[in-house]
Amino acid sequence: MKIRTMKYMVKEGFANTYKNLLMTIASVSMVVASLLIFGIFLMFTINLSFNLNRLKSQTEIVVFLKSDVAVMEADDIELKIESDERVANYIRLSKEQAFAQLATTYIEDLEIIEGLTPEFLNESFRIHLNNPDDISEFTEELSEMNGVEEISYPMESLNKLSTLMHWVNVGSMVVLALLLIISVSIISNTIKLTVYARRREIGIMKYIGAKDWFIRGPFVIEGMIIGLVGAILSFVLTSYFYNAVSTFVNTNAVEYGLNDLVRMVSLSNIGGQIFLIYSIIGMVMGLIGSFISVRKYLNV
Amino acid sequence: MIEFKDVTKYYPNGAIGLDNVSFKIEKGEFVFIVGHSGSGKSTLLKLILHEETPSSGEVYVNEFAIHDMLKSEIPYLRRGLGVVFQDFRLLPNKTVYENVAFAMQIVEAQPKDIRRQVPVALALVGLSKKARSYPNQLSGGEQQRVAVARALVNNPSILIADEPTGNLDPETSWEIMDLIEEINQRGTTVIVATHEKNIVDQMKKRVFNLEYGKITRDVLEGNYTNED
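Just so it is clear, the model here is predicted, and its values are computed rather than measured.

Conventions used here
- Residues numbered from 1 in each chain as written.
- Chains lettered and ligands numbered in written order.
- Predicted model: local features only at pLDDT ≥ 70, side-chain atom pairs only at ≥ 80, totals over all residues.
- Core = buried A, V, L, I, M, F, W, Y, C linked by C-beta atoms within 7 Å.
- Buried ≥ 20, exposed ≤ 12 C-beta atoms within 10 Å, placed from the backbone.
- Helix = DSSP H or I, 4+ residues; strand = E, 2+ residues; numbered from the N terminus.
- Contact = placed C-beta atoms within 7 Å.
- Axes fitted to C-alpha atoms, helices over the stretch in contact; angles between N-to-C directions.
- Parallel < 35°, antiparallel > 145°, perpendicular 65-115°, else oblique.
- Left-handed = near helix turned anticlockwise from the far one by under 90°.
- Nonpolar A, V, L, I, M, F, W, Y, C, P; charged D, E, K, R; others polar.
- Pairing = 2+ DSSP bridges.

Novice: Explain the nonpolar core residue by residue, including any values.
Specialist: Within the largest apolar cluster, 70 residues are counted, with the highest numbers of intra-cluster contacts made by Ile33, Val100, Ala149, Leu159 and Ile180 of chain B. Broken down by element, this core gets its largest block of residues, 7 residues, from helix H3 (residues 96-105) of chain B. The contacts of Leu159 of chain B, once residues within four sequence positions are left out, are Gly82, Ala151, Leu152, Ile180, Ile183, Thr188 and Val190 of chain B. By size, the runner-up hydrophobic cluster in this structure holds 31 residues, among which are Met9, Ile226, Tyr242 and Met285 of chain A.

Novice: I'd like a rundown of the interface of chain A and chain B, residues and numbers included.
Specialist: Counting residues at the interface gives 15 residues for chain A, matched by 14 residues for chain B. Those elements that place two or more of their residues in the side of chain A that touches chain B are helix H1 (3-19) and helix H7 (199-208) of chain A. Here the side of chain A that touches chain B gets 6 residues from one element, more than from any other, and that element is H7 of chain A.

Novice: Got a sec to walk through the packing of helix H5 (residues 140-152) of chain B against helix H6 (residues 170-185) of chain B? Specific residues and values, please.
Specialist: All names here are of chain B. H6 packs onto H5 with a crossing angle of 15° between their chain directions and a minimal axis gap of 9 Å. In terms of axis orientation, H5 runs roughly parallel to H6. The interaxial crossing formed by H5 with H6 has right-handed handedness. Of the residues in H6, those touching H5 at Gly140, Gly141, Gln144, Arg145, Val148 and Leu152 are Thr172, Glu175, Ile176, Leu179 and Ile183. Taken together, the residues of the contact of H5 with H6 sort by class into 5 nonpolar, 4 polar and 2 charged.

Novice: Help me get a handle on unusual backbone geometry, residues and values and all.
Specialist: All names here are of chain B. If you check the backbone angles, Asp6 has positive phi at about 45° while not being a glycine. Under the C-beta neighbour-count criterion, Asp6 is labelled exposed, with 11 such atoms within 10 Å. In the Ramachandran plot, Tyr212 falls in the positive-phi region, its phi being about 50° despite a non-glycine side chain.

Novice: Could you give me a rundown of the packing of helix H2 (residues 21-58) of chain A against helix H8 (residues 212-252) of chain A, with the residues and numbers involved?
Specialist: All names here are of chain A. Between H2 and H8, the shortest axis-to-axis distance is 8 Å and the interhelical angle comes to 45°. One way to sum up the angle between H2 and H8 is to call them oblique. When you trace H2 past H8, the crossing you get is right-handed. For the pair formed by H2 and H8, the contact residues are Thr24, Ser27, Val28, Val31, Val32, Leu35, Leu36, Gly39 and Met43 on the first element and Ile226, Gly227, Val229, Gly230, Ala231, Leu233, Ser234, Leu237, Thr238 and Tyr242 on the second. Class assignment of the residues belonging to the contact of H2 with H8 gives a composition of 12 nonpolar, 7 polar and no charged.

Novice: With reference to specific residues and values, describe the sheet that holds strand E4 (residues 56-61) of chain B.
Specialist: Pairing between the strands of a sheet comes from backbone hydrogen bonds, and it takes one of two forms, parallel or antiparallel. All names here are of chain B. Taken together, 4 strands build an open sheet; the order of strands is E2-E1-E4-E5 and the sheet is antiparallel. Both edges of this open sheet fall to strand E2 (16-25) and strand E5 (64-65), since each of them pairs with a single strand only. Of the strand pairs in this sheet, E4 and E5 are connected by 2 bridges, and their pairing is antiparallel. Along E5, the bridge assignment pairs Val61 with Phe64. Packed on one face of the sheet, helix H1 (residues 41-48) meets strand E1 (2-10), E2 and E4 and runs near 120° to E1.

Below is the structure:
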């Protein structure tokens, strides 16, 4: 496309949005509303997945050995763990060490463990894996070894979180689709006003021999302006509120007993990504909206 | 230049636009198309412009086969055709100069060509002095001259005028017809659909008479009606 044609289209596109200022504002507001609702879902998904991964990477597999395990068997198990590439790090806790750890935990209420001797406790391995996804495979292999009594890790809660995340993802896609349809129809109605006001001009252009894309260009620009302005406003609003919420949660989590459990991703890490997603969705809305509205008048 | 071969056009509602029409218009000819409303004049012009396509038969305009061409070729077909309408169809928010230049802009002409050719077209129609006026500051005849300038500025080989004098008084009508004849003498093929008996009778050009979708008369140097 020639540069002066581009210039013509951009100029006309801006003129169109300005001439229809009220409807343009209405459309932009709709884009903003849609993106904000979608944004809530998006933030929820991002943070859920962030926390899920955090929890997974913190997940500790505890392998308890039988109390009457032979030293040979225990050494075999350690060898297996040590040589396994999936293991990030591990600690072998003897009965005495386990007892000492317990004693430290209950240092203020020692009567709880009164009468307990290291002999009651089992030797154990505390293992962290490189990739949390290997957990079930890895634990299955270990459980088949002689001398292993029990393996514990917080699988169930992780699975629940994964399922929740899946449904949040599905939900946000459905919401996005619905909002997309609504926004597109409102944008296309706005542009239809411009198209209607300029239908004579379009007719003349068709008779003189303008190509369809030349006629469509300014309206496409108009739609994209609406979408982009909507995206920028939504981004500003989202950033402001997200920043407030995430700062509050991250500084007060400990105070509210959430301890290390929940953290929110900081805005600086996802800001660019959100802006990109918003812009793309906004412009796609504008693009589709403008195509719908011009189509009818191009068939001359 | 323009050739219709056994062309029939039905509309979806069953109305007949053209009924088995054949004719040939050579380069440089001047043809009047006369007939009552609904006789098929508009259909004939619409087929030349590819606003409609024939139900059967073949239509050739310049190097294009209207009955068998891609939608994407339509702009190129129309760039070879200049069109003038009864209601002028100027853009009210553009000056005379801008209205004519617009026709060149939308076919993506070079800016230097636009600056050179628009004044030439305006001079041809005698409106150089009104270049900065807006359409609503002009008389009907002047507006139609602007429309003619716009139709010609891209140097089409065929000029199509649909009732070009329908909104004008007799004197102004003659001015426009003189202008169109002058354009024809410069080599442009001209097709004029009209109801104006006076004009047709005096100009002694080729005349097609259409009735109920058929060409009932095709005479050189003819009159509006048969009674000579």
